[in-house]
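Spelled out, the chains give:
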Amino acid sequence: MLAGLLLPLLLWACAVSGADLRGRVVSVSDGDTLKVVSGRKETTIRLAGIDAPERRQPYSEQAKRALSEMVFGKDVRVVIQDTDRYGRTVGVVYVGRKQVNLELVRMGLAWHYRQYSDDKDLARAEVEARKARRGLWADRKPVAPWDWRRANAAAARR
């Protein structure tokens, strides 16, 4: 009986964390969200450990364009880490050997999302992009997406 209870739990844990999803990218919503089709199933993927500028925020179009150029219409591998509160699959996306999440931070088109990630490679990539003033780091005072969302939510409540 115990084995009967543990097997479903084990299968669920594998499906949620550390499992791979392979498929083709069919759309890019913004600089950190895309859709992958695997078989007949479409899955929304939120790139783990990063946060790209929001719509109408400076550099949002550049981030979306860069992500699209890297992944749209291509076969990807997603290393699943979690499911977020919106039901999106959170994961690290690879095109071949290139880690897309890391590349966006290196390009200066996304922040390392420290609130949800302690990834040292992402942290280093952000520091390097800041020093080189790449992408959004060319602005004197770039606004982090989490601050942008908070400010716009507060303005909407007024």
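Data block above holds the structure.
Residues numbered from 1 in each chain as written. Predicted model: local features only at pLDDT ≥ 70, side-chain atom pairs only at ≥ 80, totals over all residues. Heavy atoms only, no water.

A.B. asks: Requested: an account of the overall build of the protein chain, with residues and values cited.
C.D. replies: Within the protein chain, the secondary structure is distributed over five helices and eight strands. Along the protein chain, from the amino end to the carboxyl end, the secondary structure elements read α-β-β-β-β-α-β-β-β-α-β-α-α. Per-residue burial for the protein chain yields a buried fraction of 38% across its 158 residues. Contacts spanning at least 24 positions in sequence make up 59% of the contacts within the protein chain whose residues lie at least 6 apart. (Helix = DSSP H or I, 4+ residues; strand = E, 2+ residues; numbered from the N terminus. Buried < 20%, exposed > 50% of the residue type's maximum accessible area, 1.4 Å probe, protein only. Contact = heavy atoms within 4.5 Å.)

A.B. asks: An account of the pattern of salt bridges is requested, with residue identities and associated values reported.
C.D. replies: In this structure the tally under the stated criterion is 14 salt bridges. Its salt-bridge partner being D20, residue R22 comes within 3.8 Å of it at the nearest N-O pair. R130 is the salt-bridge partner of E126, the closest N and O atoms lying 2.9 Å from each other. Placement of both E126 and R130 in helix α4 (residues 120-132) is noted, with a separation of four residues, approximately one turn of the helix. Of the residues examined, R130 reaches a relative accessible area of 38% and is grouped as partly exposed. One salt-bridge network, in which partners are shared between bridges, spans D32, R46, D51, E54 and R149. (Salt bridge = Lys/Arg side-chain N within 4 Å of Asp/Glu carboxyl O.)

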